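An overview of the molecular structure
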Amino acid sequence: MTDRLKLLVTRRLPDQVERHLSESWDTTLSTDDRPLDRDALVRAMTAYDAWMPTITDRIDADLIATPGRRVRILANYGAGVDHIDLAAARAAGLVVTNTPDVLTEATAEIAILLMLMTARRAGEGERELRSGAWTGWRPSHLIGQGLSGKTLGLVGFGRIAQATAVKARGLGIRVRYASRSAAAPEVERMLDATRAESLEALATECDVLSLHVPGGEETRHMVDAALLARMKPNAIVVNTARGPVIDEDALVEALDEGRIGGVGLDVYEHEPTVHPGLLAHPRAVLLPHLGSATIEARTAMGMRAAANLAAFARGEEPADRVA
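Here the structure is a predicted model, which is why all the values come from computation and not from measurement.

Another point: the overall build of the chain. The number of helices and strands found in the chain is 13 helices and twelve strands. For a compact globule of 323 residues, the expected C-alpha radius of gyration is about 20 Å, and the chain comes in at 21 Å, within 12% of that figure. For the chain, the C-alpha atoms occupy an extent of roughly 65 × 50 × 35 Å along the three principal directions. A burial count over the chain gives 50% of its 323 residues as buried. The long-range fraction of contacts in the chain, counting pairs at least 24 apart against all pairs at least 6 apart in sequence, stands at 61%. Treating the 37 positive side-chain charges of the chain as one cloud and the 44 negative ones as another, the clouds have centres 2 Å apart.

Shown next as structure tokens:
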């Protein structure tokens, strides 16, 4: 394969990234910034050497098995790759890369934002003010809860969770975590973080439960009715990971019955469709998947994906290969 890959970019990217890709390869950029339909994806499989897909592109085994497939690399724009059938890609000799590390701080910031907005009822307050319903200050109005001295339970303890822990410690929040294996002792000391004996134990003791696990069947509905039933009645659930990690029906039921204090979500089980019970609930703070949405992170993601493409074009092993 030559260094002039015929490249498809499936969504609009920051200008700097699009310029770089256009200068480096025979690049087709997205014009309307909408997900490609199935027929377009099938056609693209035979028309391009490389794709730069995003989470909105469902790349399953049937698509990978398209007769006459020309695509040899999927340089995914994003760290998560649960929208790609990695097993099918490996079996077909299709290289898949991702963009780890570069969205860590941006996503951790969103996690903290959701915690604060939910605890302080900021979403309710802004909606009231914008609607013209605010009548002025009064002592009993929209009383929330402070987070200083409270316990944050991190589910998963990878890069983003640890960056969230750093920021939480700056707010005077205690940090506990649940993960398959314990972090290195020096990491626990640096973050003043301790490991819970189980996810169930963490849910019982924390004031905020923040999710930082990958998507996929293994974590689907990790937060279900049984886990929610263990939580404190004023506890907050925050999700910046993947939507299907939470059973949204169970979450709405817990909210409606007052068994948890609130939720702060950036991702959704059936994204971009949002559960109507969440849309209607005043204690739900809802963001449109903004976790990595800083110009710094989104540009770095694109340049990292481009570096993986460049390595592939040179016949080298891409640094961030996952399949």
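Once you've had a look at it, read on.
Time to look at empty space enclosed by the protein. Regions of empty space are outlined by a rolling probe, equal in size to a water molecule, passed over the atoms. As enumerated under the stated definition, the model contains one cavity of 30 Å³ or more in all. Put simply, the largest cavity is a space of about 40 Å³. Lining the largest cavity are Met117, Thr118, Arg121, Glu124, Gly261, Gly262, Pro282, Arg283 and Val285.

Both faces of the sheet carry side chains from a regular strand, because those side chains alternate between them. The element strand 7 (residues 174-178) is extensively covered by neighbouring structure, given that four of its five residues are classed as buried. Pairing geometry for strand 6 (residues 151-155) and strand 7, over five bridges, is parallel. Within the sheet, the bridge partner assigned to glycine 153 lies in strand 7 and is arginine 176. After leaving strand 6, the chain enters helix 7 (residues 159-170) and then returns to the sheet as strand 7, a path that is right-handed. By the bridge criterion, three bridges tie strand 7 to strand 8 (residues 193-195) in an arrangement that is parallel. For arginine 176, the partnering residue across the bridge sits in strand 8 and is threonine 194.

A separate point is the domain arrangement of the chain. We note that the domain assignment places domain 1 (6-101 + 295-314) and domain 2 (103-286) within the chain. The gap between the C-alpha centroids of domain 1 and domain 2 is 31 Å. At the interface, eight residues of domain 1 touch seven residues of domain 2. Of the charged contacts in the structure, one is a salt bridge between aspartate 101 and arginine 159, with a shortest N-O distance of 2.8 Å. The tally of links between domain 1 and domain 2 comes to four residue pairs in polar contact (both at pLDDT 80 or more). Each residue belonging to the side of domain 1 that touches domain 2 can be placed in one class, and the counts come to five nonpolar, one polar and two charged.

Let us look at the layout of surface pockets. Empty space within the second largest pocket amounts to approximately 190 Å³. For the second largest pocket, the lining is made up of 14 residues, of which Leu8, Thr28, Leu36, Ala40 and Tyr48 are closest to its centre. Secondary structure elements with two or more residues in the lining of the second largest pocket: strand 1 (6-9) and helix 2 (38-47). A total of three residues in the lining of the second largest pocket trace back to one element, the largest contributor, which is helix 2. The residue inventory of the lining of the second largest pocket, partitioned by class, reads seven nonpolar, four polar and three charged.

Conventions used here
Residues numbered from 1 in each chain as written. Predicted model: local features only at pLDDT ≥ 70, side-chain atom pairs only at ≥ 80, totals over all residues. Heavy atoms only, no water. Helix = DSSP H or I, 4+ residues; strand = E, 2+ residues; numbered from the N terminus. Rg over C-alpha atoms; globule rule 2.2 N^0.38 Å. Buried < 20%, exposed > 50% of the residue type's maximum accessible area, 1.4 Å probe, protein only. Contact = heavy atoms within 4.5 Å. Lys, Arg positive; Asp, Glu negative; His and termini not counted. Charge placed at Lys NZ, Arg CZ, Asp CG, Glu CD. 1 Å grid on protein atoms, 1.4 Å probe; cavity = no way out; pocket = protein on both sides within 12 Å on 5 of 7 lines; lining within 4 Å. Points joined across faces, edges and corners; volume = space filled by probe spheres on them. Pairing = 2+ DSSP bridges. Right-handed = clockwise from strand over helix to strand, strands pointing away. Domains from an automatic or database assignment. Salt bridge = Lys/Arg side-chain N within 4 Å of Asp/Glu carboxyl O. Polar contact = N/O pair within 3.5 Å; in protein donor to acceptor, adjacent residues only side chain to side chain. Nonpolar A, V, L, I, M, F, W, Y, C, P; charged D, E, K, R; others polar.

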